[in-house]
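# Chain and residue survey
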Amino acid sequence: MLMLEPQYSRLKKLFSDCRASFRSNPVAQGDLDAYHRRDDSHDYTMLPGLVPNQVVGDASAGGGVPYNRSDAFFTVRLSVPSYPDISDDDFLEHYPEDYVLSSSELSLIIANRSSHDVRQYGVKWDPSTTPRDRSASAGMSFVHLMVIPKHKGALSGPYRNQQGAFMSGWTRPTVYNAVSLDDPTLIEEMITHFKRFWSQPDAVHRTARGIQHAVDLRTSEVAKGLENMQVPTMAVTASAEFKVLMQDSVQKSTNELLFKLGALNVNDFFFGFHATPHASVGHLHMHVLAADTEFRRYSTGVHDWKTIPAAAVMEVIREEKAAKGH
């Protein structure tokens, strides 16, 4: 993902504007305070990216564990005395263990559930009553991972750590979105975590497995949807066409790119953020993309306009701190 200076400056300004708008909005700040307190009774009106109302309390939507109103889909809740059974790793209560590629003290590297290939999201494969192109749901690169903070937000007072011991007098940073961060340290750790992960001997294998899993998952979703089409003859024809697409095109190019995965080094990746209100998931997450055009050929580019380089995000935060004399 070539980042020319005019584009970098535009994206940096986009982040600065989003940050200023969010921080000057009293309703958003009230929502943010409730989010930090895990207030499930609060009426969230200005925090985009929290779980929709229809899945709150529905165990089937959360891998067997219901989501709360103050959750986002990537939320990882820290143990607190009131909820002694909640551990630092309850992200895994909502997602299979294979989704986590690496874990550090402060962050998780997770696989993308969406396939990298827009060809699996064409209007022809949408079995809904109003079919439409869903290519925007595809990944932004053949390698599109995410790094998320392990913990949702600030806590003060006693809480349980992973070993079950009570801790006190310690707080965690605000992690709703990059617009709410007061310090770039967490972003620095997320980048360092990925670079350390990619240097591990099994990183390519784990990443490749996640990429193939996402392709297979989308294939299963399409196949199931086509089976339920109201016109059986159309379903048979569409299913046959989709199988040809997968065998002759999607899986063929996937195998070719998987073969080239091992040649990537840490300098071949782009780190970026979507700033509120342009983020689809509320919980802070950093996009990690294989930047070369070869790896983005079959992926969506519709989100590029809002994908802000991590370096630009950190620059804005540091400049604000310097202006305040910190």
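Placed above this text is the structure.
Below is a summary of the structure that appears in this document. Counting restarts for each chain, with residues numbered from 1 along the sequence as it is written. Restriction of local features to residues with pLDDT of at least 70 applies here, the model being predicted, together with a cutoff of 80 or more for giving and counting side-chain atom pairs; totals for whole chains, interfaces and linings are based on all residues. To get the side-chain values, all heavy atoms of the structure are used, and hydrogens and water are removed first.

### Overview of the overall build of the chain
The test is simple: Numbering of helices and strands runs from the N terminus, with a helix taken as a DSSP run of H or I at least four residues long and a strand as a DSSP run of E at least two residues long. Under the scheme applied here, a residue whose accessible area is under 20% of the maximum for its type counts as buried, over 50% as exposed, and between as partly exposed, the area being computed with a 1.4 Å probe on protein chains only. Contacts are assigned to residue pairs that have any heavy atoms within 4.5 Å of one another. The Shrake-Rupley method, run with a 1.4 Å probe sphere, supplies the accessible areas, and residue values consider only the shown protein chains as cover.
What the chain contains, in helices and strands, is seven helices and eight strands. Taking all 326 residues of the chain together, the buried fraction comes to 49%. Put simply, 70% of the contacts in the chain that link residues at least 6 apart link residues at least 24 apart. Just so you have it, the chain exposes about 15600 Å², and 54% of that area is on carbon and sulfur atoms.

### Notes on the sheet that holds strand 6 (residues 269–274)
Sheet strands associate in pairs through backbone hydrogen bonding, adopting either a parallel or an antiparallel arrangement. Cut-off, in case you're wondering: Note on pairing: two strands pair once DSSP finds at least 2 bridges between them. Only the stretch in contact is used when fitting a helix axis, every axis being a line fitted to C-alpha atoms; angles between N-to-C directions are given from 0 to 180 degrees.
Pairing in this open sheet of six strands is antiparallel, and the strands run 1-2-3-7-6-8 from one edge to the other. What marks the edges here is a single partner per strand, and that holds for strand 1 (100–103) and strand 8 (307–309). The sheet shows a mean angle of 30 degrees between the axes of neighbouring strands, direction not considered. Pairing of strand 3 (residues 144–149) with strand 7 (residues 286–290), which is carried by four bridges, proceeds in the antiparallel orientation. If you follow L145 over to strand 7, its bridge partner there is V288. With respect to the sheet, helix 3 (residues 185–198) is in contact with strand 1, strand 2 (107–110), strand 3, strand 6 and strand 7, its orientation differing from that of strand 2 by roughly 50 degrees.

### A closer look at the layout of surface pockets
One water molecule sets the probe size; rolling that probe over the atoms shows where empty space is left. Formally: The distinction between a cavity and a pocket rests on a 1 Å grid over the protein atoms alone: a 1.4 Å probe fits inside a cavity but cannot get out, while a pocket stays open yet meets protein on both sides within 12 Å along at least five of seven lines, and a residue with an atom within 4 Å of a point counts as lining. Grid points are joined across faces, edges and corners, and a volume is the space filled by probe spheres set on the points.
The calculated volume of the largest pocket comes to roughly 770 Å³. Lining the largest pocket are 31 residues, and of these F74, N112, S114, S280 and V281 sit closest to its centre. At the level of secondary structure, the elements contributing two or more residues to the lining of the largest pocket comprise strand 3 and helix 4 (203–227). Counting residues per element, the lining of the largest pocket draws most heavily on helix 4, at three residues.

### Quick notes on the nonpolar core
Definition in use: Here the nonpolar core consists of buried residues drawn from Ala, Val, Leu, Ile, Met, Phe, Trp, Tyr and Cys, with membership extended through side-chain atoms lying within 4.5 Å.
Within the largest apolar cluster, 67 residues are counted, with the highest numbers of intra-cluster contacts made by F15, V143, F194, F269 and M286. Ranked by residue count, the leading element in this core is helix 3, at seven residues. Beyond its immediate sequence surroundings of up to four residues, V143 is in contact with T207, I211, L261, L264, F269, V288, L289 and A290.

### Some thoughts on empty space enclosed by the protein
Keep this limit in mind: Asp, Glu, Lys and Arg are counted as charged, while Ala, Val, Leu, Ile, Met, Phe, Trp, Tyr, Cys and Pro are counted as nonpolar; the rest, among them Gly, fall into the polar class.
Within the structure shown, the criterion is met by one cavity of 30 Å³ or more. In this structure, the largest cavity occupies an estimated 100 Å³ of space. As for the largest cavity, its lining consists of 15 residues, of which N112, S114, F142, H144 and I211 are closest to the centre. Elements with a contribution of two residues or more to the lining of the largest cavity: strand 3 and helix 4. Here the lining of the largest cavity takes four residues from helix 4, the largest share from any one element. Considered class by class, the residues forming the lining of the largest cavity number six nonpolar, nine polar and no charged.

### Describing the packing of helix 4 against helix 5 (residues 232–260)
The cut-off we apply is this: By definition in this entry, angles of less than 35 degrees are roughly parallel, angles greater than 145 are roughly antiparallel, angles of 65 to 115 are roughly perpendicular, and the rest are oblique.
Here helix 4 crosses helix 5 at 175 degrees, and the two axes come no closer than 11 Å. Viewed along their axes, helix 4 and helix 5 adopt a mutual orientation that is roughly antiparallel. Of helix 5, the residues touching helix 4 (which contributes A208, I211, Q212, V215, T219, V222 and L226) are A235, A238, S239, F242, M246, V250, Q251, T254, N255 and L258. Across the contact of helix 4 with helix 5, the residue classes break down as 11 nonpolar, six polar and no charged.

### Quick look at the pattern of salt bridges
As a reminder, the rule being used: The working definition used for a salt bridge is a side-chain nitrogen of Lys or Arg within 4 Å of a carboxyl oxygen of Asp or Glu.
Considering all chains together, one arrives at 16 salt bridges under this definition. In this structure, R119 engages D117 in a salt bridge whose closest nitrogen and oxygen atoms are separated by 2.7 Å. A residue is classified by how much of its surface remains accessible, and R119, at 23% relative accessible area, is partly exposed. Overall, D117 belongs to the buried group, its relative accessible area being 0%. Two residues, K260 and E294, come together in a salt bridge whose shortest N-O distance is 2.3 Å.

### With respect to the pairing of strand 3
Across the six residues of strand 3, six count as buried, placing the element largely inside the fold. Both faces of strand 3 are covered, namely the face carrying H144, M146 and I148 and the face carrying L145, V147 and P149. Of the strand pairs in this sheet, strand 2 and strand 3 are connected by four bridges, and their pairing is antiparallel. Following the sheet pairing, I110 is matched in strand 3 by M146.

### Focus: the packing of aromatic side chains
Put simply, the test is: Any two of the Phe, Tyr and Trp rings considered here, Trp counted by its six-membered ring, make a pair once their centres fall within 6.5 Å; the pair's planes then place it as stacked at under 30 degrees, edge-to-face at over 60, or tilted in between.
This structure, assessed with the given rule, holds 10 aromatic pairs. Where F22 meets Y176, the ring centres are 5.9 Å apart and the plane angle is 15 degrees; that geometry is what we call stacked. Within this pair, whereas F22 is found in helix 1 (residues 5–23), its partner Y176 is found in the loop between strand 5 (166–167) and helix 3, the two being separated by 154 residues in sequence. You can call F22 buried: its relative accessible area is 5%. For Y176, a relative accessible area of 0% gives the class buried. Taking 5.1 Å as the distance between ring centres and 65 degrees as the angle between the ring planes, the aromatic pair formed by W125 and F242 counts as edge-to-face. Here W125, found in the loop between strand 2 and strand 3, pairs with F242, found in helix 5; they are 117 residues apart in sequence, far enough to count as distant.

Function cannot be read off these values alone, since they describe shape.
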